[in-house]
Amino acid sequence: MTLSPSQPNQPITIALPSLVHRIGGQSARELKVVALQHHCVLARVRRSRHWQLVGLATHVDAFIESIDTLSIENKPYLIKKLRQGLAPYEDLLVPLEEKLRRLLQQNPATSISQLVANTHCTEAQARRAVLLFDDI
């Protein structure tokens, strides 16, 4: 599992060790198709028995939600493993406006440059958030 992405447009990787052994080959093939529908890639790691899911945090979250509709073996294991892998990236699932609002609520004296540095937003987005926060 890679922990480097800090921006919503960077893909994340979630390791799924021994996936075929746990859910079966047919289920893995079904999952690959569903992952592609959600703009994610489910693939083996080189020639090993381990697999990984790669995609944007929002796409991975949508993929996890769609797993409930599938009839695959050991579904609880798979959902649990994917949720654990997505947990470090929960902040990427929060909309930018919400992040800015939370930062301003915590410290109303936060500067525009601090907002830009902490959320990787543009100056215009930070200014708009400050103006909206001041109106409240």
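What you see is a predicted model; the values in this text were computed from it and never measured.

Draft legend 1. Region of the structure containing the pattern of salt bridges. Under the definition given, this model contains five salt bridges. Of the charged contacts in the structure, one is a salt bridge between Arg-102 and Glu-98, with a shortest N-O distance of 3.2 Å. Placement of the pair is Arg-102 and Glu-98 together in helix α6 (residues 96-106), with a separation of four residues, close to one helical turn. Among the ionic pairs, Glu-123 bridges to Arg-127, the shortest N-O distance being 3.1 Å. Of this pair, Glu-123 and Arg-127 both sit in helix α8 (residues 123-135), four residues apart, which is roughly one turn of that helix.

Draft legend 2. Spatial organisation of the side chain of Thr-119. Mapped onto the elements, Thr-119 comes out in helix α7 (residues 112-119). You can call Thr-119 buried: its relative accessible area is 8%. One polar contact links the side chain of Thr-119 to the main-chain carbonyl oxygen of Leu-115, over a distance of 2.6 Å. Excluding residues within four positions of it along the chain, Thr-119 makes contact with Leu-96, Lys-99, Leu-100 and Leu-103.

Draft legend 3. Focus on the pairing of strand β1 (residues 12-16). Of all five residues in β1, four are buried, a share of seventy percent or more. For β1 and strand β3 (residues 51-55), the ladder comprises five bridges, and the chain directions are antiparallel. Bridge pairing in β3 places Leu-16 opposite Trp-51.

The rules behind these values
- Throughout, a residue's number is its position along its own chain's written sequence, starting from 1.
- A pLDDT threshold of at least 70 governs which residues receive local features in this predicted model, and a stricter bar of 80 or more applies before side-chain atom pairs are shown or counted, although totals over entire chains, interfaces and linings include all residues.
- The basis for the side-chain values is all heavy atoms of the structure; hydrogens and waters are excluded.
- Within this document, salt bridges are pairs made up of a side-chain nitrogen of Lys or Arg and a carboxyl oxygen of Asp or Glu, the two lying within 4 Å of each other.
- We count a stretch as a helix when DSSP gives it H or I for four or more residues in a row; a strand needs E for two or more, and each element gets its number in order from the N terminus.
- The buried label goes to any residue with under 20% of its type's maximum accessible area, the exposed label to any with over 50%, and the partly exposed label to all in between, with areas taken from a 1.4 Å probe on protein chains only.
- Under the rule applied, a polar contact is a pair of N or O atoms within 3.5 Å (in protein, one hydrogen donor and one hydrogen acceptor; residues adjacent in sequence only if both atoms are side-chain atoms).
- It only takes one pair of heavy atoms within 4.5 Å for two residues to be counted as in contact.
- Strand pairing follows a simple DSSP-based rule, namely that at least 2 bridges must link the two strands.

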